[in-house]
Amino acid sequence: MDRQPPPTVSSLDLARYLGTWYEIARLPMRHEPADYTDITASYTREPDGAIRVDNRARNGKGELKESVGEARVVDPAEPGRLEVTFLPEGLRWIPFTKGDYWILRVDDDYRTALVGSPDFEYLWLLHREPELDAGTQEIFLKYAQSLGYRLDQLIRTPHTGRRTA
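Just so it is clear, the structure is predicted and the values come from calculations on it, not from any experiment.

Draft legend 1. Seen up close, the environment of Arg-56. Within the secondary structure, Arg-56 sits in strand E3 (residues 51–58). Along the backbone, Arg-56 and Ser-67 are eleven residues apart, and their C-alpha atoms lie at a distance of 6.6 Å.

Given below as structure tokens:
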């Protein structure tokens, strides 16, 4: 069955979106094994307009892992659709090496966000603090389901209090 890609936010205040987000939940992905904890993503604006993406986590042994990448808004008319790459800077020109980072929903205060990929394979629930109340989680995750994301393999990210950000 062919599905239409999910809608993204129609407006985005990128300056308010920048900063550190804590991963509350995600769909499985090879770059973030299920035993990773304390996952954060920090976004900062670069002088050339790109967004620096600094992902940090602790692996199953408690070791700090970090990957730094770059994101860009693909089309100003679609501000919630970004592409991200974690290739070394000299290789970022290579075609087909960028991943989709689509902002599906963000609350009015820019405290909670839902991010996914248009192929419905990837999904992240993010919050500005390591804990998010169950009611807000349910609202955002039900929205993800209404778009077509399957949540039967959803991983809830533990935050142990060990700093990564």
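Draft legend 2. Spatial organisation of the packing of aromatic side chains. Overall, the coordinates contain six aromatic pairs when judged by the stated rule. With centroids separated by 4.9 Å and ring planes inclined at 55 degrees, the aromatic side chains of Phe-120 and Tyr-149 adopt a geometry described as tilted. Within this pair, whereas Phe-120 is found in the loop between strand E7 (112–116) and strand E8 (123–127), its partner Tyr-149 is found in the loop between helix H2 (134–147) and strand E9 (155–156), the two being separated by 29 residues in sequence. Considered together, Phe-120 and Tyr-149 belong to a single accessibility category, that of buried residues. Ring-pair connections join several aromatic residues into one group, and the members of that group are Tyr-17, Trp-21, Tyr-43, Tyr-101, Tyr-122 and Trp-124. Between Arg-105 and the ring centre of Tyr-143, over which it is positioned, the NZ or CZ distance is 5.1 Å. Lying over the aromatic face of Trp-21, Arg-128 brings its terminal NZ or CZ to 3.8 Å of the ring centre.

Draft legend 3. Representation of the side chain of Ser-42 within the structure. Mapped onto the elements, Ser-42 comes out in strand E2 (residues 37–45). On the accessibility criterion, Ser-42 (18% relative accessible area) is buried. A polar contact is formed between the side chain of Ser-42 and the side chain of Thr-20, at a distance of 2.8 Å.

Draft legend 4. Representation of the pairing of E2. Here E2 lies mainly inside the structure; seven of its nine residues are buried. The sheet contact formed by strand E1 (residues 19–26) and E2 spans four bridges and is antiparallel. Bridge assignment links Gly-19 to a residue of E2, and that residue is Tyr-43. Note that E2 and E3 share seven bridges and pair antiparallel. Paired with Ser-42 across the strands is Asp-54, a residue of E3. The antiparallel pairing of E2 with E3 creates a hairpin that spans five residues between the two strands, and Gly-49 there sits at a positive phi of about 95 degrees.

Draft legend 5. Region of interest: H2. When the terminal C-alpha atoms of H2 are compared, their 20 Å separation across 14 residues agrees well with the 20 Å that a helix rising 1.5 Å per residue should span. Residues of H2 that are buried include every one of Gln-137, Phe-140, Leu-141, Ala-144 and Leu-147, and no others. Buried residues along H2 cover an arc of 110 degrees about the axis, so they all sit on one side. Along H2, the residues that are exposed and aim more than 90 degrees away from the buried face are Ala-134, Lys-142 and Ser-146. Buried residues belonging to H2 abut E1, strand E6 (99–106), E7, E8 and E9.

Draft legend 6. Just the environment of Ser-117, in detail. Along the chain, Ser-117 turns up in the loop between E7 and E8. With a relative accessible area of 3%, Ser-117 lands in the buried category. The spatial distance from the C-alpha of Ser-117 to the C-alpha of Pro-6 is 8.3 Å, given a sequence separation of 111 residues. Beyond its immediate sequence surroundings of up to four residues, Ser-117 is in contact with Pro-6, Asp-100, Tyr-122 and Tyr-149. A distance of 2.5 Å separates a polar atom in the side chain of Ser-117 from a polar atom in the side chain of Asp-119.

Draft legend 7. Broad picture of unusual backbone geometry. With a phi close to 55 degrees, Asp-38 is a non-glycine residue in the positive phi region. The topology assignment puts Asp-38 in strand E2.

Cut-offs applied
Residues numbered from 1 in each chain as written. Predicted model: local features only at pLDDT ≥ 70, side-chain atom pairs only at ≥ 80, totals over all residues. Heavy atoms only, no water. Helix = DSSP H or I, 4+ residues; strand = E, 2+ residues; numbered from the N terminus. Phe/Tyr/Trp six-rings, centres within 6.5 Å; stacked < 30°, edge-to-face > 60°. Buried < 20%, exposed > 50% of the residue type's maximum accessible area, 1.4 Å probe, protein only. Lys NZ or Arg CZ within 6 Å of the ring centre and 35° of its normal. Polar contact = N/O pair within 3.5 Å; in protein donor to acceptor, adjacent residues only side chain to side chain. Pairing = 2+ DSSP bridges. Expected span 1.5 Å × (residues − 1). Arc of directions from axis to C-beta. Contact = heavy atoms within 4.5 Å.

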